[in-house]
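Listed here are the chains, written in short residue letters.
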Amino acid sequence: MHILVSNDDGYLAPGLRALAEAMRPFGEITVVAPEQNCSGASNSLTLTRPLSVRRAENGYLFVNGTPTDCVHIALTGLLERRPDLVVSGINDGQNMGDDTIYSGTVAAAMEGYLFGVPAIAFSVVQKGLEHLDSAALVCAAIVERMRAGALPRPFLLNVNIPDLPYSQLRGLACTRLGKRHPSEPVVQGLSPRGDTIYWVGAAGEAADASPGTDFHATANGQVSITPLQIDLTHTEQLEAVSEWLGQGRL
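Bear in mind the structure is a predicted one, so any value in this text is a computation, not a measurement.

Novice: For the nonpolar core, give the residues involved together with the corresponding values.
Specialist: Core analysis: the biggest nonpolar cluster contains 39 residues, and Val5, Met23, Val87, Ile90, Ile120 and Phe122 have the highest contact counts within it. Setting aside chain neighbours within four positions, we find Val5 in contact with Leu16, Leu19, Ala20, Met23, Ile29, Thr30, Val31, Val32 and Val87. The next biggest cluster of nonpolar side chains, apart from the first, holds 19 residues, and it includes Leu4, Leu61, Val63 and Ala119.

Shown next, in the form of structure tokens:
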């Protein structure tokens, strides 16, 4: 089994190292990660300049681009053969509900999925990675389960792990994405030159954390596993928009 490992926290992140080591028993590992932290990069590709790939002392490859750049380059020219699985993480902080739209961690996995490769994004809910060893065990257990049991392929799974000792985790839960309230207002300040600057505000609190959501599962000590898809079509509005257009004449 050949596994491509990436993330959005950068190639020096402890979560990346923990995930790569957790995947090593499954076969061949290739790590291609961003040179710098790219949290919030979503699915952006770098199209305005060339990208370079360098090798770190530990053998990891790092790219001066986004998480999506890393996986895209790996799948379209860097690797001699396509991997059997793409994994991304372990992210220092949750990627649940609306966070998935902005997440570079999810985006790296999604790029693999877009190329027909099964992919999993792993995140720890609470920042700080206090129980990173526990999260790594969860990652390995999920990949082992994937190897042993059939899932429709390709698949894209978004996994969020409570930051708890392994013995305190209350199992795995298949979930849907919850919903957040709008984010907090921007934080305004002044630069050293007196220019007004803005920091993006904190994420809003959960608006839908009802049973069945990722928010609910992780709050109750379960590992949340949400299958994702790419089709953004609002199918419930197709009929209404079609009627609104009528004959469709300009």
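Novice: Mind laying out the pattern of salt bridges, listing which residues take part and the relevant values?
Specialist: Using the criterion set out here, one finds four salt bridges in the structure. A salt bridge links Glu21 to Arg24, with the shortest nitrogen-to-oxygen separation between them at 3.1 Å. Judged by its relative accessible area of 39%, Arg24 falls in the partly exposed class. Glu144 is the salt-bridge partner of Arg147, the closest N and O atoms lying 3.0 Å from each other. Of this pair, Arg147 and Glu144 both sit in helix H5 (residues 132-148), separated by three residues, roughly a single helical turn. A relative accessible area of 45% means that Arg147 is categorised as partly exposed. The class for Glu144 is partly exposed, based on a relative accessible area of 36%.

Novice: Just give me the short version of the state of the cysteines, but keep the residues and values in it.
Specialist: This structure, assessed with the given rule, holds zero disulfides. Distance from the sulfur of Cys38, which forms no disulfide, to the nearest cysteine sulfur (Cys70) is 7.2 Å.

Cut-off values and rules
- Residues numbered from 1 in each chain as written.
- Predicted model: local features only at pLDDT ≥ 70, side-chain atom pairs only at ≥ 80, totals over all residues.
- Heavy atoms only, no water.
- Core = buried A, V, L, I, M, F, W, Y, C linked by side-chain atoms within 4.5 Å.
- Buried < 20%, exposed > 50% of the residue type's maximum accessible area, 1.4 Å probe, protein only.
- Contact = heavy atoms within 4.5 Å.
- Salt bridge = Lys/Arg side-chain N within 4 Å of Asp/Glu carboxyl O.
- Helix = DSSP H or I, 4+ residues; strand = E, 2+ residues; numbered from the N terminus.
- Disulfide = S-S within 2.5 Å.

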